[in-house]
Every structure is written in structure tokens, then in C-alpha cells.
Amino acid sequence: MTQTNTSYIVVCEGNSEYAYIQKLNRFFAENGYACIINPKRVDCGHFNEVQRKYKTEKKNNPRTAIYIWVDKDTYVRNDCGDKDKYESKANNLPKFMFSTMNFEDFLAMHQDAKTLDNWYQVCSRQKHHINPMTEDIYIALVEQHLFKDYKKGDIPFDITEDCLKTLFVNNKGKHMFRCDFADFIEILIRKHMPVE
């Protein structure tokens, strides 16, 4: 008997998150996990647009669990008043799953401890934890210190059991990097473990 997949919707920022979720779904399918995540791009992380997309998805999918995954940098800098709007959000809008500070930091969390520590040192020198770097600054640093020839929307590694284990360990580390979406993945893996 074929096991039915449990479907989740994740409202996410853009192409990078979308591409990551597609690779994650491939990992789930190839390894017998009975779940699938349907990514719904907003094409930005600003509160008003994210809220609008969530409401549309909720209206169209009233029985499906819907989550929101965005970068925290916009909210720390309070671009467009995003932090203020989020802090006064309505109760019917779920708590956001944040990547601290951006998607590239989330990608770095899949790397070994030495690589992540190196990235932490780069970010610390830039005061990234106080005033998050903008894309025009961090992309060059990502190419120099993490992933050569990196392009937004590309996932520069395969998603494997080992790289997810590394992500989960790093997500509990003492550095500034955290990602609520990593917690979500870990929960899904435990909940939808393949049945032997």
C-alpha cells in the first residue's frame, strides 16, 4: 500500500528558498519521507507582501498547514517598517520562521564547523549581527569565503542526510546563525520517518 504524502505550504521569499525546498522535496521523495512542501514565492520578504500572500494561500487552501519563511535581516534593519508591522501583527497570522540573517547564512549552516566558523568571523567583522549586510555586500563575501561562483537561486550542494544532520547541529550552536525553518525540517523528518 502506498503511503499518502502530507502536504505543507511554505510562503517564502524568492527563488533561493524555492530552489532549496524543491531539492528538499527530492530528498524526501528519494528517501521515503511521506511529506511534501509546496513553496509559494512572494519575491521579497517585506511584511505587507508576505501577509498578502499568506492570506491568499489560506483562502485557497483552508485545510492545509501554511508556514512563512523569511530572512530576518529586513526585520532587524526595519526596512519599510517591517519589524514594527511584524511585532503588531494579527494573531491569525502565524509566527514567521526566520533565517538569521539571510538565506546565505542558512546555506552556510549546512557546512562543516570550520567553514561555518570562518563565515562567522567574516560576518562579525562586518557587524552583520547588529546591522545585517545587504546583498550588494554579502554576495561577494559568499563567493570569496563560502561558495565560489555562487548565484542567487542556486543551491551549491546536494541535500543529503549528512548535510541535514550538520544543519541541525549548527542550528543549535553558539554562533549568531539560527534558522527556524531548519527546526521545521527536523520536525518533518521525525514526523514522516519512512516505515520499514
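For the structure, see preceding data.
What comes next concerns the included structure. Here the residue numbers are simple positions, counted from 1 along each chain's written sequence. Only residues with pLDDT of at least 70 are given local features in this predicted model, and only at 80 or more are side-chain atom pairs given and counted; all residues enter the totals for whole chains, interfaces and linings. Side-chain calculation: all heavy atoms of the structure are included, whereas hydrogens and water are not.

**Side note on the state of the cysteines**
Worth spelling out the cut-off: Two cysteine sulfur atoms form a disulfide, by the criterion used here, when they sit within 2.5 Å.
The tally for this structure, following the rule as stated, stands at zero disulfides. Left unpaired, Cys44 is separated from the closest cysteine sulfur, that of Cys80, by 8.3 Å.

**What about the environment of Tyr18?**
Here is the rule we go by: Each helix corresponds to a stretch of at least 4 residues labelled H or I by DSSP, and each strand to a stretch of at least 2 residues labelled E; elements are numbered beginning at the N terminus. By definition in these notes, contact holds between two residues if any of their heavy atoms fall within 4.5 Å.
Topologically, Tyr18 is positioned in helix 1 (residues 15–30). Considered as a pair, Tyr18 and Asp105 are 87 residues apart in the sequence and their alpha carbons are 16 Å apart. Discounting residues that sit within four places of it in the chain, Tyr18 has contacts with Cys12, Pro39 and Arg41.

**Some thoughts on the pairing of strand 1 (residues 6–12)**
This is how the line gets drawn: The buried label applies to any residue whose accessible area, calculated with a 1.4 Å probe on protein chains only, is under 20% of its type's maximum; exposed applies above 50%, and partly exposed to all values in between. A pair of strands counts as paired when DSSP detects no fewer than two bridges linking them. Handedness is read with the strands pointing away from the viewer; a crossover is right-handed when the path from the first strand over the helix to the second is clockwise.
Of all seven residues making up strand 1, five are buried, and the element is well covered by its neighbours. With seven bridges joining them, strand 1 and strand 2 (residues 35–41) adopt parallel strand pairing. Opposite Val10, over in strand 2, you have Pro39 as the bridge partner. Viewed along the sheet, the connection from strand 1 through helix 1 into strand 2 turns out right-handed.

**With respect to the packing of helix 8 (residues 161–171) against helix 9 (residues 180–191)**
We count it as follows: An axis is simply a line fitted to the C-alpha atoms; with a helix, the fit covers only the stretch in contact. Between two such axes, the angle follows the N-to-C directions and lies from 0 to 180 degrees. Roughly parallel refers to an angle under 35 degrees, roughly antiparallel to one over 145, roughly perpendicular to one between 65 and 115, and oblique to any angle outside these ranges. Handedness of a crossing is defined here by the sense of rotation of the near helix relative to the far one, left-handed for an anticlockwise turn of less than a right angle and right-handed for a clockwise turn. Each residue receives one of three labels: charged for Asp, Glu, Lys and Arg, nonpolar for Ala, Val, Leu, Ile, Met, Phe, Trp, Tyr, Cys and Pro, and polar for the others, Gly being one of them.
Contact pair helix 8 / helix 9: the axes reach a minimum separation of 10 Å and the direction vectors enclose 125°. Classified by the angle between their axes, helix 8 and helix 9 sit oblique to one another. With respect to the hand of their crossing, helix 8 and helix 9 are arranged in left-handed fashion. Together, Leu164, Leu167, Phe168 and Asn171 of helix 8 and Ala182, Asp183, Ile185, Glu186 and Ile189 of helix 9 make up the contact between the two elements. Classifying every residue of the contact of helix 8 with helix 9 gives six nonpolar, one polar and two charged.

**Re the packing of aromatic side chains**
The condition is simple: Side-chain rings of Phe, Tyr and Trp (the six-membered ring for Trp) are treated as a pair once their centres are within 6.5 Å; stacked means planes under 30 degrees apart, edge-to-face means over 60, and tilted covers the remaining angles.
Scanning the model with the defined rule gives 26 aromatic pairs in all. Ring centres 6.3 Å apart and planes at 70° place the aromatic pair Phe106 and Phe181 in the edge-to-face group. Here Phe106 is found in helix 5 (residues 103–108), whereas its partner Phe181 is found in helix 9, with 75 residues between them in sequence. Taking the relative accessible area as the measure of exposure, Phe106 reaches 1% and is therefore buried. Judged by relative accessible area, which is 0%, Phe181 ranks as buried. Every member of this aromatic cluster is reached through a ring pair, and the members are Tyr8, Tyr20, Tyr67, Trp69, Phe103, Phe106, Phe181 and Phe184.

**Focus: the pattern of salt bridges**
Quick reminder of the rule: Put simply, a salt bridge is a Lys or Arg side-chain nitrogen that is within 4 Å of an Asp or Glu carboxyl oxygen.
For the structure on display, the rule yields 11 salt bridges. Across the pair Arg77 and Asp79 runs a salt bridge, and its minimum N-O distance is 3.0 Å. Judged by its relative accessible area of 24%, Arg77 falls in the partly exposed class. Across the salt bridge formed by Glu186 and Lys172, the nearest N and O atoms sit 2.8 Å from each other. With Glu186 in helix 9 and Lys172 in the loop between helix 8 and strand 5 (178–179), this pair connects stretches of sequence that are 14 residues apart. The class of Lys172 is exposed, set by a relative accessible area of 54%. In this structure, a network of salt bridges that share partners links the residues Asp73, Arg77 and Asp79.

**Brief notes about the pairing of strand 3 (residues 65–71)**
Counting buried residues along strand 3, five of its seven residues qualify, which places the element largely inside the surrounding structure. Pairing of strand 1 with strand 3, which is carried by five bridges, proceeds in the parallel orientation. Counterpart to Ile9 in the pairing with strand 3 is Ile66. For strand 3 and strand 4 (residues 97–100), the ladder comprises three bridges, and the chain directions are parallel. In the strand pairing of strand 4, Val70 is matched with Phe98.

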